[in-house]
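Chain by chain, the residues:
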Amino acid sequence: MNTAMLTALAEPNRLHIIELLRDGGPLTIGEITSRLELNQPQTSKHVRVLSEAGLVEVEPVANRRIIKLRPEPFQQLDSWLETFRSMWEDRLDRLDDYLREIQAQDKTFDQS
């Protein structure tokens, strides 16, 4: 798990940039700036951090820079999170079994 990726995503504006790209596909710096109501230098700095963390790709096209998500880091993040999902599913399954056992005991007790 890449800590630079998590650090980059921890900043709210950068997370909003990722969400914009997820929902709207590739965008220019200007489009991101406009949608998030940031100034251009701020947006460029955030995009640079995201790029250095490997989360986005910056493609120069004429005098514009097109920003797009890189799928690989998010697939890695999903795989890492899956280990936690499995752990919690197991624990919740055991809790569910335990609660059913208690309910069964309560019904038996009530019928006595």
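One can find the structure itself at the top, above this paragraph.
Quick caveat: nothing in here was measured; it's all calculated off a predicted structure.

Draft legend 1. Representation of the nonpolar core. Counting residues in hydrophobic clusters, the biggest one holds 19 residues, and the most contacted among them are Ile 32, Leu 55 and Val 56. Mapped by element, the contributors of at least two residues to this core are helix 1 (3-10), helix 2 (12-24), helix 3 (29-36) and helix 4 (40-52). Apart from the residues within four sequence positions on either side, Val 56 is in contact with Ile 18, Leu 21, Val 47, Leu 50, Ser 51, Ile 67, Lys 68, Leu 69 and Arg 70.

Draft legend 2. View of the side chain of Thr 33. As for its position among the elements, Thr 33 is in helix 3. Residue class for Thr 33 comes out buried when judged on its relative accessible area of 13%. Among the polar contacts listed, one links the side chain of Thr 33 to the side chain of Thr 43, at a separation of 3.0 Å. Discounting chain neighbours no more than four positions away, the residues touching Thr 33 are Leu 38, Asn 39, Gln 40 and Thr 43.

Each value, and the rule that gives it
- Residues numbered from 1 in each chain as written.
- Predicted model: local features only at pLDDT ≥ 70, side-chain atom pairs only at ≥ 80, totals over all residues.
- Heavy atoms only, no water.
- Core = buried A, V, L, I, M, F, W, Y, C linked by side-chain atoms within 4.5 Å.
- Buried < 20%, exposed > 50% of the residue type's maximum accessible area, 1.4 Å probe, protein only.
- Helix = DSSP H or I, 4+ residues; strand = E, 2+ residues; numbered from the N terminus.
- Contact = heavy atoms within 4.5 Å.
- Polar contact = N/O pair within 3.5 Å; in protein donor to acceptor, adjacent residues only side chain to side chain.

Without other data, these values stay purely geometric and don't point to any function.
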